[in-house]
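Here is what each chain is made of, one letter per residue.
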Amino acid sequence: MDGGGGGGGCCPTMDLMRSEPMHLVQLIIPIESAHRTVSYLGDLGLLQFKDLNADKSPFQRTYANQIKKCGEMARKLRFIKEQMGKADLLPSTKPATPTIELDYLEIKLEEIEAELIEVNANNERLQRSYSELKEYMLVLQKAGESFYSAQSSAAAQQREIEAQYTNDGSIDSPLLLEQEMMTEPSKQVKLGFVSGLVPKEKSMAFERILFRATRGNMFLKQIPIEEPVTDPVSGEQVEKNVFIVFYSGERAKAKTLKICEAFGANRYPFMEDIGKQMHMIDEVTRKLSELKTTIDMGLLHRNSLLRKISEQFEEWDLLVRMEKSIYHTLNMLSIDVTRKCLVAEGWSPIYAANQIQDALRRATIDSNSQVGSIFQILHTKEMPPTYFRINKFTSAFQEIVDAYGVARYQEANPGVYTIVTFPFLFAIMFGDWGHGLCLLLATLYYIIKEKKLSSQKLGDITEMTFGGRYVIMMMALFSIYTGLVYNEFFSVTFNLFGPSAYACRDASCGDASTAGLIKVRDAYPFGLDPIWHGSRSELPFLNSLKMKMSILIGVAQMNLGIVLSYFNALFFRNGLNVWYQFIPQLIFLNSLFGYLSVLIIVKWCTGSKADLYHVMIYMFLSPTDELGENQLFVGQRELQLVLLLLALVSVPWMLLPKPFLERKQHQERLQGQAYTALRSDDIDSIEMDANHDSHGHEEFEFSEVFVHQLIHTIEFVLGAVSNTASYLRLWALSLAHSELSSVFYEKVLLLAWGFNNVFILIIGIIVFLFATVGVLLVMETLSAFLHALRLHWVEFQNKFYEGDGYKFYPFSFTSLGEDE
Amino acid sequence: MGFWVTTLIFILIGVVASLSARLCFNRGPSTNLFHLTLIITATVCCWMMWAIVYLAQMKPLIVPILNEE
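What counts and how
Residues numbered from 1 in each chain as written. Chains lettered and ligands numbered in written order. Predicted model: local features only at pLDDT ≥ 70, side-chain atom pairs only at ≥ 80, totals over all residues. Heavy atoms only, no water. Helix = DSSP H or I, 4+ residues; strand = E, 2+ residues; numbered from the N terminus. Buried < 20%, exposed > 50% of the residue type's maximum accessible area, 1.4 Å probe, protein only. Contact = heavy atoms within 4.5 Å. Areas by Shrake-Rupley, 256 points an atom, 1.4 Å probe, with all protein chains shown as cover. Lys, Arg positive; Asp, Glu negative; His and termini not counted. Charge placed at Lys NZ, Arg CZ, Asp CG, Glu CD. Rg over C-alpha atoms; globule rule 2.2 N^0.38 Å. Buried area = accessible area lost by both parts, 1.4 Å probe. Salt bridge = Lys/Arg side-chain N within 4 Å of Asp/Glu carboxyl O. Polar contact = N/O pair within 3.5 Å; in protein donor to acceptor, adjacent residues only side chain to side chain. Nonpolar A, V, L, I, M, F, W, Y, C, P; charged D, E, K, R; others polar. UniProt positions renumbered as here; feature names shortened; annotations may be inferred. Core = buried A, V, L, I, M, F, W, Y, C linked by side-chain atoms within 4.5 Å. Phe/Tyr/Trp six-rings, centres within 6.5 Å; stacked < 30°, edge-to-face > 60°. Lys NZ or Arg CZ within 6 Å of the ring centre and 35° of its normal. Disulfide = S-S within 2.5 Å. Pairing = 2+ DSSP bridges. Axes fitted to C-alpha atoms, helices over the stretch in contact; angles between N-to-C directions. Expected span 1.5 Å × (residues − 1). pLDDT = per-residue confidence, 0-100. Parallel < 35°, antiparallel > 145°, perpendicular 65-115°, else oblique. Left-handed = near helix turned anticlockwise from the far one by under 90°.

Asker: Looking at this model, I keep getting lost on the overall build of chain A. Mind explaining?
Answerer: Looking only at helices and strands, chain A features 25 helices and 13 strands. The dimensions of chain A, computed from C-alpha atoms along their principal axes, are 145 × 100 × 50 Å. Relative to its full complement of 820 residues, chain A shows a buried share of 46%. In chain A, once contacts between residues fewer than 6 apart in sequence are set aside, the share between residues at least 24 apart is 82%. Here chain A has roughly 43700 Å² of accessible surface; of this, 59% comes from carbon and sulfur atoms. Computed over 75 positive and 94 negative side-chain charges, the separation of the two mean positions in chain A equals 3 Å.

Asker: Looking at this model, I keep getting lost on the overall build of chain B. Mind explaining?
Answerer: Within chain B one finds 2 helices and 0 strands. Compactness check: chain B gives a C-alpha radius of gyration of 18 Å against a globular reference of 11 Å for 69 residues, more than 25% above the reference. For chain B, the spread of C-alpha atoms along the three principal axes comes to 60 × 20 × 20 Å. Residues counted as buried form 49% of the 69 residues belonging to chain B. With the model as given, the accessible surface of chain B reaches about 3700 Å², and the carbon-plus-sulfur share is 74%.

Asker: Explanation requested: the interface of chain B and chain A in the structure shown.
Answerer: A common way to express how large an interface is: the accessible area buried when the components associate. The partner chain A presents 58 residues to the 35 residues of chain B that form the contact. Here chain B and chain A share an interface that buries about 4400 Å² over both sides, 73% of which is from carbon and sulfur atoms. Interface area lost by chain B to chain A is led by Met49(B), Gln57(B) and Pro64(B), which between them contribute 16%. The interface formed by chain B and chain A holds 0 salt bridges in total. On the surface where chain B and chain A come into contact, there are 13 residue pairs in polar contact (both at pLDDT 80 or more). Take the side of chain B that touches chain A: its biggest share by element is 23 residues, from helix α2 (residues 29-58) of chain B. Grouping the amino acids of the side of chain B that touches chain A by side-chain chemistry returns 27 nonpolar, 6 polar and 2 charged.

Asker: I would appreciate a short explanation of the UniProt feature "transmembrane region" (unreviewed entry) in chain B in the present structure.
Answerer: Look at the UniProt record and you will see "transmembrane region" (unreviewed entry) annotated at residues 36-56 of chain B. Helix makes up 100% of residues 36-56 of chain B and strand 0%, with an end-to-end C-alpha separation of 30 Å.

Asker: Looking at this structure, how should I read the UniProt feature "transmembrane region" (unreviewed entry) in chain A?
Answerer: Residues and elements named next belong to chain A. Those residues carrying the UniProt feature "transmembrane region" (unreviewed entry) are residues 424-448, 469-486, 549-570, 582-602, 639-656 and 758-779 in this numbering. Annotated as 100% helix and 0% strand, the span residues 549-570 places its first and last C-alpha atoms 32 Å apart. End C-alpha atoms of residues 582-602 are separated by 27 Å, and the span's content is 100% helix alongside 0% strand.

Asker: I'm lost on the nonpolar core in this one. Help?
Answerer: Across soluble globular proteins, nonpolar side chains have a tendency to be buried as a group. Judged by nonpolar contacts, the single largest core of 113 residues is most densely connected at Leu425(A), Ile428(A), Leu545(A) and Ile553(A). Beyond its immediate stretch of four places on either side in the chain, Leu545(A) contacts Leu528(A), Trp604(A), Ile52(B), Val53(B) and Ala56(B). Tyr63(A), Cys70(A), Leu342(A) and Trp347(A) belong to the second largest nonpolar core, which has 36 residues in total.

Asker: In this structure, what is going on with the packing of aromatic side chains? I would like to understand it.
Answerer: Geometry of an aromatic ring pair is reported as the spacing of the ring centres plus the angle between the planes. Tallying each qualifying case throughout the model produces 41 aromatic pairs over all chains. One aromatic cluster in this structure is built from Phe3(B), Trp4(B), Phe10(B), Trp47(B), Trp50(B) and Tyr54(B). We note Arg389(A) situated over the ring of Tyr351(A); from NZ or CZ to the ring centre the distance is 3.9 Å. Just above the ring of Tyr486(A) sits the side chain of Lys546(A); from NZ or CZ to the centre is 4.5 Å.

Asker: Explain the UniProt feature "coiled-coil region" (unreviewed entry) in chain A to me, please; I cannot follow it from the model alone.
Answerer: In the numbering adopted here, UniProt assigns the feature "coiled-coil region" (unreviewed entry) to residues 102-136 of chain A. Counting secondary structure, residues 102-136 of chain A comes out at 100% helix and 0% strand; the distance between its end C-alpha atoms is 50 Å.

Asker: In this structure, what is going on with the side chain of Arg18(A)? I would like to understand it.
Answerer: All names here are of chain A. By secondary structure assignment, the location of Arg18 is in the segment before β1 (22-30). One buried charged residue, Arg18, remains without a salt bridge, the closest side chain of opposite sign being Glu411 at 7.1 Å. Looking at Arg18, its side chain comes within polar contact range of the main-chain oxygen of Phe567, at 3.4 Å.

Asker: Explain the state of the cysteines to me, please; I cannot follow it from the model alone.
Answerer: As used in these notes, a disulfide is a covalent bond between sulfur atoms, one from each of two cysteines. In this structure the tally under the stated criterion is 1 disulfide over all chains. At a sulfur-sulfur separation of 1.6 Å, the disulfide partner of Cys504(A) is Cys509(A). Cys45(B) carries a free sulfur, and the closest cysteine sulfur to it, the one in Cys46(B), is 6.7 Å from it.

Asker: I'm lost on the sheet that holds strand β7 (residues 240-247) of chain A in this one. Help?
Answerer: Consider a sheet: its strands pair through backbone hydrogen bonds, and that pairing is either parallel or antiparallel. Residue and element names in this part refer to chain A. Pairing within the open sheet is antiparallel, and its 4 strands lie in the order β4-β7-β3-β8. In this open sheet, the two strands that pair with only one neighbour each are β4 (218-224) and β8 (266-268). Direction aside, neighbouring strands of the sheet carry axes that sit 25° apart on average. Bridge count for β4 against β7 is 7 bridges, and the pairing is antiparallel. Each bridged residue has a counterpart across the sheet, and for Gln222 the counterpart in β7 is Phe243. Sheet strands touched by helix α6 (residues 203-213): β3 (192-199), β4 and β7. Its angle to β4, the strand with the most contacts, is close to 170°. Sitting on the sheet, helix α7 (residues 250-262) is in contact with β3, β7 and β8, with an inclination near 165° to β7.

Asker: What is the right way to look at the environment of Glu315(A) in this model?
Answerer: Along the chain, Glu315(A) turns up in helix α8 (residues 274-332). In this structure Glu315(A) comes out as buried when scored by relative accessible area, which is 12%.

Asker: Sorry if this is basic, but what is going on with the pairing of strand β10 (residues 341-349) of chain A here?
Answerer: For a regular strand, the rule is simple: side chains alternate between the two faces of the sheet. Residues and elements named next belong to chain A. Counting buried positions along β10 yields 9 of 9 residues, so the element is predominantly enclosed. Burial along β10 is two-sided: the residues Cys341, Val343, Glu345, Trp347 and Pro349 and Leu342, Ala344, Gly346 and Ser348 are all buried. Bridge count for β1 against β10 is 9 bridges, and the pairing is antiparallel. Counted as the bridge partner of Pro30 is Cys341 from β10. Direction of pairing for strand β2 (residues 48-49) relative to β10: antiparallel, over a ladder of 2 bridges. Bridge pairing in β10 links Phe49 to Gly346. For strand β9 (residues 334-336) and β10, the ladder comprises 3 bridges, and the chain directions are antiparallel. Across the sheet, residue Asp336 finds its bridge partner in β10, namely Cys341.

Asker: How should I be thinking about helix α2 (residues 64-86) of chain A in this particular structure?
Answerer: In an α-helix, one turn spans 3.6 residues; hence positions three or four apart end up facing the same way. Compared with the 33 Å implied by 1.5 Å per residue over 23 residues, the 33 Å span of α2(A) between its first and last C-alpha is a close match. Among the residues making up α2(A), those that are buried are Ala64(A), Ile67(A), Cys70(A), Met73(A), Ala74(A), Lys76(A), Leu77(A), Phe79(A), Ile80(A), Gln83(A) and Met84(A).

Asker: I'm lost on the pattern of salt bridges in this one. Help?
Answerer: Opposite charge on two side chains allows them to pair when their charged atoms are near. All names here are of chain A. Under the criterion given, the structure shown has 22 salt bridges over all chains. Across the pair Lys240 and Asp231 runs a salt bridge, and its minimum N-O distance is 2.7 Å. Here Lys240 and Asp231 have matching classes, each one buried. The partner of Arg408 in a salt bridge is Asp804, and the shortest N-O contact between them spans 2.8 Å. One end of the pair, Arg408, is in the loop between α10 (394-404) and α11 (415-429); the other, Asp804, is in the loop between α24 (758-796) and α25 (816-819), and 396 residues separate them in sequence. With relative accessibility at 31%, the residue Arg408 sits in the partly exposed group.

Asker: Would you mind going over the confidence of the model for chain B with me for this structure?
Answerer: The predicted structure's coordinates, where accompanied by low pLDDT, should not be read in detail. Overall, the predicted model of chain B reaches an average pLDDT of 91, with 97% of residues at or above 70. Under the prediction, the complex receives an ipTM of 0.96, its pTM being 0.79.

Asker: Even after reading the chapter, I still don't get the packing of helix α1 (residues 3-24) of chain B against α2(B), so can you show me in this structure?
Answerer: Helix-helix packing is described using two parameters, namely the angle between the two axes and the distance between the axes. Residue and element names in this part refer to chain B. The geometry of α1 relative to α2 is characterised by a closest axis approach of 10 Å and an angle of 165° between their N-to-C directions. Judged by the angle between their axes, α1 and α2 are roughly antiparallel. Viewed along their axes, α1 and α2 form a crossing whose handedness is right-handed. The residues of α2 that touch α1, namely those facing Phe3, Thr6, Thr7, Phe10, Gly14, Ala17, Ser18, Ala21 and Arg22, are Asn32, Leu36, Ile39, Thr43, Cys46, Trp47, Trp50, Ala51, Tyr54 and Leu55. Of the residues that constitute the contact of α1 with α2, the class distribution is 12 nonpolar, 6 polar and 1 charged.

Below you can see the structure in the form of structure tokens.
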């Protein structure tokens, strides 16, 4: 049913059906034009170089030095970019084609880096002395305010201690001492002091340690600063206290200084004399303003330098990356020292041969080379890479296929049908045209903003949905269609295509909820009859319909897969696969499940009450029995017998002949080879080697081939049953979707409506919106997507798809950005 | 509208779509065949879905029984 897209034989070519024909080419490039040639080929982007020096380490290769140089330049560029990031400058994103020379750029980058480092070092030094001065200023101000009061209380304390001391020393002269002190206090107490700043969180510990170290013989005054201060050493913002410590004696001084150092407290000199203080404050203020202007000038200079760089940054970055990739490629070529040329081998599509030759010619002319490059095609038995010419629409679908496995060279690509069948299967599980419209709007936003978004860097999930925007668009379009067929719009039905086909039995309509309605017209012309919605028999009817639909669609898709295996066999001229694989497979599947599909349709058309389960089960258990009331058409028993026999015959047909015939073919080929070897006496040794090699490759292990065929057959026979059952997920998911959406509609929106309260209604609407978007539009989309994916990867593709190829990665400058 | 009329409409839509794709995006025989394949597959899929639902409702064994409310 679905096979209409085959295109009538495999002879006319179709885009995307087969990967591009490739050939292995050899280029012999004179060394003086090698760089330019590779660069032109990179612009063209249609040649995948083979690594001819795979045994050499990166350091042994010809252009290791140049790569190191490029790596160094890339490092400098990263440094510059980091600096620009700190200065909040973004490189301008104009797409530039590099016009400058690499050597010139190298010198320039060297200069810029040196200048930036110097500017940074200067700036750092200035910044440091600036914050030192700032701290000093704080000490001068804060300590100045409370120095004298602190000094006097410190002196008082000292006197007290000394008094105690002398009291202890002599009992005779307390009065005298007191007198003395009254008269000459300053002479008695000669206190030293240290001032500075200490981090606030350390201040308590600082005080305690000082106290212990001097045995209480000190006085500490701390004044908190409201705003955090820049620490000169670390450059960070720290909350600090200004402190003044008074002590007496040299030893106490040494201890205090050590403790200050240990606590990271910066000390600043402080004058006792008020005049000197004022003078000092003036001087520091002046210096501060001087430093400020110097720093600002420095920053301005740096920013203008960086701004100038930022205009060209992208260009330089691109140039360095291009050069690096060119040298990487050159390193893959093998060098011929005597002949002064490089030999390259690589895969390219056959259609690109002229373009490559043209690029070679241009490179020869542009680099004034005496000798041109040589282009020749090599013949090899190696499997070429798989290359599809895709566009922005087909690429996402091809990626779905490639995620399972890259197509073998030139085998039929399921991607062609995936473009339609994937969104279609998705839509069967997601049939609701309201939800479909929401998806369509969301994806249209991406498609309209495509140009802008594709140049931007997006988040992981956004990136993924953006990449699949055309897949989602197709999914949305098909969901709108299937939604119309299911007649669901956010689980609400409409009489879009005329009145219902059912009506009451009589005018009173009394038995509408017991015996049900009767059919009065032809079936509803498009989609489900709206009368089913909300009726008591809705679920039994929908279940029966969706289950049968899943089987019909599944059988159709599996048949399409088997038909594609026929086109593959035709394409590779493999008659064995047509006769001993394709035909028995087709017969087996259709004599069982094709027959089931026919029965389903016949049952619908005739309105028979036959039990299809019973028919299918007794077709195997007792095929010769009379069908009785389960008979759908005349001659059904005989037909079933024939089909059963066909299915039974097709199993050994799949299993046995192919391995034996393959062995026979192999033996014939061997004999043929022996004859030719005898006939031509003058084969040179190289050709002999080649023959031996190919012979070694085709060693025929009969047991292996037979086991492989056995596995294949078992897989197909069991798969026919399990894959058909697997398609029932279409029914399950579609049922879940419609039930969920009707629950959200009835139990949230209608319930909230029933309260006749605006507040409750608003809450109901909000809950409904979140449930619809979160559960139905996001989660259900994801699960339906995954199930559609599985149906394609397993049930569809295992009928024909090998998927053991490898992708074509041409050397191209356009894909440079994605590498990093 | 019967089964065959609507089927004819589907065929017509398919033919019109194929022709307009051929006229509007003529990019060489291989691409045209690709477009044709896509359109035919899409039409067949849509027709199948409709046909299944239509056939299932032609002679139903179950009739709608309304909820008593």
